[in-house]
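Examining the three-dimensional arrangement
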Amino acid sequence: MAPSNSVTKKRLPRNVPLLTAVVAATVALGGLATLHARGSTVFARLEGGAVDARFALRGPRAPATDKIVIVGLDDATRDAAPEIFQTRNGWVRFLDKLVAYDPKIIALDLFFSAKEVLLPDDVAAHVLAADAATTEPGAAKTALAEVADILHADDHLAESVAKAHRVYLGAFFYGTGERVAAPVPEPLGLAKAHHGEVADANESGRHRPVTASGANFTIDAIAKGAVGGGIVNVFDDADGVKRRMPLAMEYGGQQYLPLGVAVALAGLDRPNDTRYIVGDDHLMIAGKRVELGAQAAAMVDVLGPNQIPRVSAADIWSGKAPRSALAGKLVFVGITYGAFDKVPTALDPHADGVELHAALAENVLGDRLMVTRGGPTTLAATALLCLVVILAQLRRIRRRAWIPPVLAIVAIGGYLAIAYTLFLHGVVVQIAIPCVATGAVLLAATIGGLATEGREKAQLRAVFSQYVSRAVVDRLVADPARAQLGGERKELTVLFSDIRGFSLFSEGMAPEDLARLLSDYLTPMTELVLASEGTLDKYIGDAVMAIWGAPVDLPDHAARACEVALRMQEALVVLNASWRGSARPDIAIGIGLNTGAMAVGNMGSVARFDYTVLGDQVNLASRLEALTKEYGVAILVGEATARAAGDKFVFREIDLVRVKGRAGAAPVYELVGRAGVATVDPRFVEALAAYRARELVRARDLFAAIPDDNVAAVMAARCEHLAAEPPPANWDGVYEQRSK
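Residues numbered from 1 in each chain as written. Predicted model: local features only at pLDDT ≥ 70, side-chain atom pairs only at ≥ 80, totals over all residues. Heavy atoms only, no water.

Here we come to the sheet that holds strand β5 (residues 211–212). Across the sheet, which stays open at both edges, the three strands sit in the order β5-β10-β11 with mixed pairing between neighbours. Of all the strands in the sheet, the pair left with one neighbour each is β5 and β11 (254–256). (Pairing = 2+ DSSP bridges. Helix = DSSP H or I, 4+ residues; strand = E, 2+ residues; numbered from the N terminus.)

As structure tokens, this is what we get:
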């Protein structure tokens, strides 16, 4: 096939949005790794808000057990029993009353960290000494005894604690920093808050617990009678919200468990049943594996306001509280009045501090401690979401400007749905970082697309305006993926047309006259192609090559090509009539059409390329155009075209031909005309059947009897020759094409 006369063209633009998305994703993942290594307050706040949003969407939930009760030292208690807040003896009376309700455990979220001082030390010493020495009866002795009793309040509270056999004390660690090499003095009673089995490989890491340099704990005299204890520290996130509690803290070379875990284990009758390898990503609580996050902490699944049953200390003081509310329960006692010890949580900005410890115990008993997944999980989720954005920039997918954002939103929405489902099952994955990174990549790709969209559309218009109509160009600009750079396999219809005897009459014409004639001829032929949404492939001298079905899909491409072929012949009649009386000769054209699978796309070198078609079916169409001269017809089509064009046209099979360059034989059809106008002489069908049955004399007579039919005349002459020189026994009735 002769080369095209197309001008040098620029390559279609690179997919800038795709390249931008790849670069942005790489930067985002690298930045994410850096932020993860260094920590980021901004992202920490965003992630905290994302966790709170999931809690809010889920809402408050009922406790997994009815064994936990909070006894609140509330405003009613301040009015009814102010001595609880004022004196240790008040605490003695309250504790005795509470023990009378027979709870299983009493956990105190408060400290008696110093001796009670009601008198100056020297005066108190004199009173106590006098009380011990005097034996004189009387009012003075009674008054002195009463004062002495008050001064012995710490001893009385110690007795009550020891006698209760169920009191757990809280400890608050402070001064976190470097690990202490030498042991520090451990307050009496704090040893009861140790983890059960502990091993320490002395390795650092993100899971290693926080180390404290000091502890706030109840004085030894009172603490020695407690049966257990635990830390009451709660970690602040970057936004100040309390979401995490340490399941282990280090102090003086020892590892301590939290009060909520200690109480839960006591409720299971498995006190201090923990196994912990310091620095590991988990520990065992009552035989169950519990995942640890950074600093050996875990996220608490808070229940929400007023979900854990509460009893006012005032009702216990007065005896109004029902016994069933406390008997056999795990009781957490804490200050709940006014604005004292209020902490922000995911579900309550003013939660009581004691509520977190009770929630931790509930989480352990109900196996509901949250598991946080960060680091590799976040990187993987971010990479996957960014990959969706990147793939959305492929030309095949990015057919409309709204498709990439919609795909990104769907991907993010799917990830959010997965994250929420995991949350309901106790797993917390990060949301803010993957979504922000994905949004940044999408924004970068969108900006890259907007910055290059005009240039891309202009180049597409420049490349394809030579081939297709403006309407088709507009569809290509709206959907650049249809251009299919580099070629693809599609079923199309291709047309070749050629002027009969062009070389002979062009020899006698001046070059400029010949150029004008070709222009006058090619212009209406090209307009017919473009008007039918066909694609002008190229001009080959006086020949026209066109295709239908690419770059824009046309389901009826065969029918459109047949209609254009008929209109070309009709237009030629008008042209010849307009040229009569001039020096221009009448011209005739032959047209070959074929339908089939072929490669279509921009093909050629890096510097020059054409949008064209290649393949055996293309070559067959070219050979059919050449055969029109041998049969004396205007339009020949392949079998696939005749079949695909449908019943809008009339075709007749005229021969089986083995065309030049092809081994197999192909049925050849003449496009006679449009249905309802053109007809086929039945004698031709009968004659062709006789010819293929080797009834050559009969076939000759039948062909010869059909008047004004060039094909019949050609076939009659062939039958005459074959009758005189009979073909061999294996003759298959196939005609060998003599020339291209």
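Quick look at the packing of helix α5 (residues 88–100) against helix α8 (residues 153–164) now. Between α5 and α8, the shortest axis-to-axis distance is 8 Å and the interhelical angle comes to 15°. The pairing of α5 with α8 is recorded here as roughly parallel in orientation. Between α5 and α8 lies a crossing of left-handed hand. Across the interface between the two elements, R88, N89, W91, V92, L95, D96 and V99 of α5 pack against A153, D154, H156, L157, S160, V161 and A164 of α8. When the residues that make up the contact of α5 with α8 are grouped by side-chain class, the tally is eight nonpolar, three polar and three charged. (Axes fitted to C-alpha atoms, helices over the stretch in contact; angles between N-to-C directions. Parallel < 35°, antiparallel > 145°, perpendicular 65-115°, else oblique. Left-handed = near helix turned anticlockwise from the far one by under 90°. Contact = heavy atoms within 4.5 Å. Nonpolar A, V, L, I, M, F, W, Y, C, P; charged D, E, K, R; others polar.)

Summary: where empty space remains is shown by rolling a probe the size of a single water molecule over the atoms. Scanning the model with the defined rule gives two cavities of 30 Å³ or more in all. There is about 50 Å³ of room inside the largest cavity. The set of elements that each furnish at least two residues to the lining of the largest cavity consists of β19 (351–352) and α12 (353–366). A per-class count over the lining of the largest cavity returns six nonpolar, two polar and two charged. The wall of the second largest cavity is formed by V51, F55, K242, R243, V300, V302 and A346. Looking at the lining of the second largest cavity, the elements that each hand over two or more residues are α2 (41–58) and β9 (242–246). Partitioning the lining of the second largest cavity into residue classes produces five nonpolar, no polar and two charged. (1 Å grid on protein atoms, 1.4 Å probe; cavity = no way out; pocket = protein on both sides within 12 Å on 5 of 7 lines; lining within 4 Å. Points joined across faces, edges and corners; volume = space filled by probe spheres on them.)

Within the largest apolar cluster, 99 residues are counted, with the highest numbers of intra-cluster contacts made by V71, W91, F94 and V333. Once you skip the residues sitting within four places of it in the chain, V333 turns out to touch V71, L73, W91, F94, L98, I106, A107, L108, D109 and V354. By size, the runner-up hydrophobic cluster in this structure holds 41 residues, among which are F505, L554, A561 and A645. (Core = buried A, V, L, I, M, F, W, Y, C linked by side-chain atoms within 4.5 Å. Buried < 20%, exposed > 50% of the residue type's maximum accessible area, 1.4 Å probe, protein only.)

Turning to the pairing of strand β3 (residues 167–174), a few remarks are in order. The buried count for β3 comes to six of eight residues, which makes it a mostly enclosed element. As paired elements, strand β2 (residues 105–108) and β3 share three bridges and run parallel to each other. From the neighbouring strand, I106 faces β3, where its bridge partner is V167. For β3 and strand β7 (residues 228–231), the ladder comprises four bridges, and the chain directions are parallel.

Our next topic: the sheet that holds strand β8 (residues 235–236). The strand order across the open sheet formed by three strands is β8-β9-β15, and the pairing between neighbours is antiparallel. For this open sheet the edge positions go to β8 and β15 (297–299), each flanked by a neighbour on one side alone.

All right, on to α5 then. Between its first and last C-alpha, α5 extends 18 Å over 13 residues, near the 18 Å set by a 1.5 Å rise per residue. Every buried residue belonging to α5 is among R88, N89, G90, W91, V92, F94, L95 and L98, and all of these are buried. Residue T87 occupies the N-cap position of α5, its side-chain oxygen lying 2.9 Å from the main-chain nitrogen of G90. D102 sits one or two residues past α5 and shows a positive phi near 60°. (Expected span 1.5 Å × (residues − 1). Polar contact = N/O pair within 3.5 Å; in protein donor to acceptor, adjacent residues only side chain to side chain.)

Let us look at the pairing of strand β14 (residues 288–291). In terms of strand pairing, strand β13 (residues 282–285) meets β14 through four bridges, oriented antiparallel. The residue bridging H282 from the neighbouring strand is E291, located in β14. If you look at the hairpin formed by β13 and β14, you'll find two residues sitting between the two strands, and A286 has a positive phi there, around 55°.

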